[in-house]
Structure formats: C-alpha cells, structure tokens
Amino acid sequence: MQAMVVYSSETGNTQKIAAAIFAAIPGESKDMQRVDEYRGKDADTFFVGFRVEKGDCDVQTANLLSSLHGKRIALFCACRNGRDSVYNDRIIRQVKSWIAPGNIYMGTFLCQGKMPMQVRKQYEAQLALKNEEELYRQRIRDFDQALLHPDKTDLEEAAAFAREVLACV
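Residues numbered from 1 in each chain as written. Predicted model: local features only at pLDDT ≥ 70, side-chain atom pairs only at ≥ 80, totals over all residues. Heavy atoms only, no water.

A. Main features of the overall build of the protein chain. Looking only at helices and strands, the protein chain features 6 helices and 7 strands. Reading the secondary structure of the protein chain in the N-to-C direction produces β-α-β-β-β-β-α-β-α-β-α-α-α. For the protein chain, the C-alpha radius of gyration of 16 Å lies close to 15 Å, the compact-globule estimate for 169 residues. Summarising its shape, the C-alpha atoms of the protein chain cover approximately 55 × 30 × 25 Å along the three principal directions. Looking at the protein chain alone, contacts between residues at least 24 apart form 78% of all its contacts between residues at least 6 apart. Accessible surface, the protein chain: about 8,700 Å² in total, of which carbon and sulfur atoms supply 50%. Charge centroids of the protein chain, computed over 23 positive and 23 negative side chains, lie 2 Å from each other. (Helix = DSSP H or I, 4+ residues; strand = E, 2+ residues; numbered from the N terminus. Rg over C-alpha atoms; globule rule 2.2 N^0.38 Å. Contact = heavy atoms within 4.5 Å. Areas by Shrake-Rupley, 256 points an atom, 1.4 Å probe, with all protein chains shown as cover. Lys, Arg positive; Asp, Glu negative; His and termini not counted. Charge placed at Lys NZ, Arg CZ, Asp CG, Glu CD.)

Here is the structure:
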C-alpha cells in the first residue's frame, strides 16, 4: 500500500485534518484508521496524526511511532496555538523523538485547533486568581481565535502538505 493515515483525535480537529490528507492522496492504494483501531496494516508512507498532551503526543501514537520500521513518516496535528513557532518546535521535537531509527521523517503539519470550553474556564479561573495575568489573557485570546480552526484554509494546507510529502517519495 502506498499510504496509511493513522490518527488520534479527542476533539475532532485532527480527524478533520486526517480526512483532508487522505483525500489528497491519489489513487486507491491508501487507507485511514484511528490509532486505537490500527492493527499493523502496512504502507510505504505513514501520515500520523496525534493529539497534543502536555507538549507531547498521546501514548498510543507514541507506541505506533516506536513500532514502525523502514517507513516514511509525516506527522500532523491541531494544537492550542498553531501560530507559536517556539511552542510548535518543542512539540515537533518531542513527538519526533518517538520515531524509531531506520524511518525517514518527512515533516510535520500543524495548525490551530479549537479546544473544549473547559479549557477556557480554566484560563479564566487562573486570570481571576491574578496568576500570570498576561499569559492567561493571551491564552484566552488564542482560545477564542482557535474556535474557528481547523478552517478551510487549514485543511487545504494539510492537503498540500500531503501532496508535497508524496512528491518526495
């Protein structure tokens, strides 16, 4: 099989990106599964979508990345602040560290993604306590902006990312 799209998504953001990437892969030699449903189906190229948990990917995704050998691997996710390059670079470095030796890392697509309302309430509670006020004001602004993501442009960029990865194969 040419390509496998495997993803983890709690809020549906990464699932939307997975669908856009899957649709951009030409031909019929492709498949898409949630990481908890994946049972070792083989492919030359893996597009692995993850949800961000404390600056890293979820455990199931880490296990998948550690188990793949001799593959081309491209990563993707939607995260709280898709515009913060320092935050993004830290996440990418951490998640890349799960990729087993012998694989070829093909790049990462990240975009902003909406978060559950409970996250905004946590930010508001911290702001009310006067804890790092500017930080939590910024997080609330980011939260509000993220409500619109992933949007059409994000999904088009995800599809373009998939085509670029496959063009390098």
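Next comes the rest of the write-up.
B. Seen up close, the packing of helix H4 (residues 117-128) against helix H5 (residues 133-146). Relative to each other, H4 and H5 sit at 160°, their axes nearing to 9 Å. Judged on the interaxial angle alone, H5 and H4 are roughly antiparallel. Where H4 crosses over H5, the handedness of that crossing is left-handed. Contacts from Met117, Val119, Arg120, Tyr123, Glu124, Gln126 and Leu127 of H4 reach H5 at Glu133, Tyr136, Arg137, Arg139, Ile140, Phe143 and Asp144. Of the residues contributing to the contact of H4 with H5, the split by class is 7 nonpolar, 1 polar and 6 charged. (Axes fitted to C-alpha atoms, helices over the stretch in contact; angles between N-to-C directions. Parallel < 35°, antiparallel > 145°, perpendicular 65-115°, else oblique. Left-handed = near helix turned anticlockwise from the far one by under 90°. Nonpolar A, V, L, I, M, F, W, Y, C, P; charged D, E, K, R; others polar.)

C. Fine view of unusual backbone geometry. Between His149 and Pro150 the backbone carries a cis peptide bond, its omega angle lying at -5°. Topologically, Pro150 is positioned in the loop between H5 and helix H6 (152-167). Phi at Lys54 is positive, roughly 55°, even though this residue is not glycine. You can see Lys54 is positioned in the loop between strand E4 (52-53) and strand E5 (56-57).

D. Summary view of the nonpolar core. Among the nonpolar cores identified, the biggest contains 23 residues, and Phe46, Ile73 and Leu75 are the most heavily contacted of them. Secondary structure elements with two or more residues in this core: strand E1 (3-7), strand E3 (45-49), helix H2 (59-67), strand E6 (72-79) and helix H3 (85-96). Setting aside chain neighbours within four positions, we find Leu75 in contact with Val48, Phe50, Leu65, Val95, Lys96, Ile99, Tyr105, Gly107, Thr108, Phe109 and Phe161. Counting residues in hydrophobic clusters, the runner-up holds 21 residues, among them Ile25, Phe47, Phe161 and Ala162. (Core = buried A, V, L, I, M, F, W, Y, C linked by side-chain atoms within 4.5 Å. Buried < 20%, exposed > 50% of the residue type's maximum accessible area, 1.4 Å probe, protein only.)

E. Spotlight on the sheet that holds strand E2 (residues 30-34). Taken together, the 5 strands give an open sheet; going across it, the order is E2-E1-E3-E6-E7, and neighbouring strands pair in parallel fashion. Edge strands, defined here as strands with exactly one partner in the open sheet, are E2 and strand E7 (104-112). The average undirected angle you get between the axes of adjacent strands in this sheet is 15°. Pairing between E1 and E2: 5 bridges, direction parallel. Paired with Met4 across the two strands is Asp31, which belongs to E2. (Pairing = 2+ DSSP bridges.)

F. Region of the structure containing the pattern of salt bridges. Taken as a whole and judged by the stated rule, the model has 10 salt bridges. Two residues, Lys41 and Asp31, come together in a salt bridge whose shortest N-O distance is 2.5 Å. With Lys41 in the loop between E2 and E3 and Asp31 in strand E2, this residue pair connects regions lying 10 residues apart in the sequence. Among the salt bridges present, the one from Glu134 reaches Arg141, with a minimum N-O distance of 3.0 Å. For Arg141, a relative accessible area of 41% corresponds to the partly exposed category. Taken together, the shared-partner salt bridges connect Glu10, Arg51 and Glu53 into one network. (Salt bridge = Lys/Arg side-chain N within 4 Å of Asp/Glu carboxyl O.)

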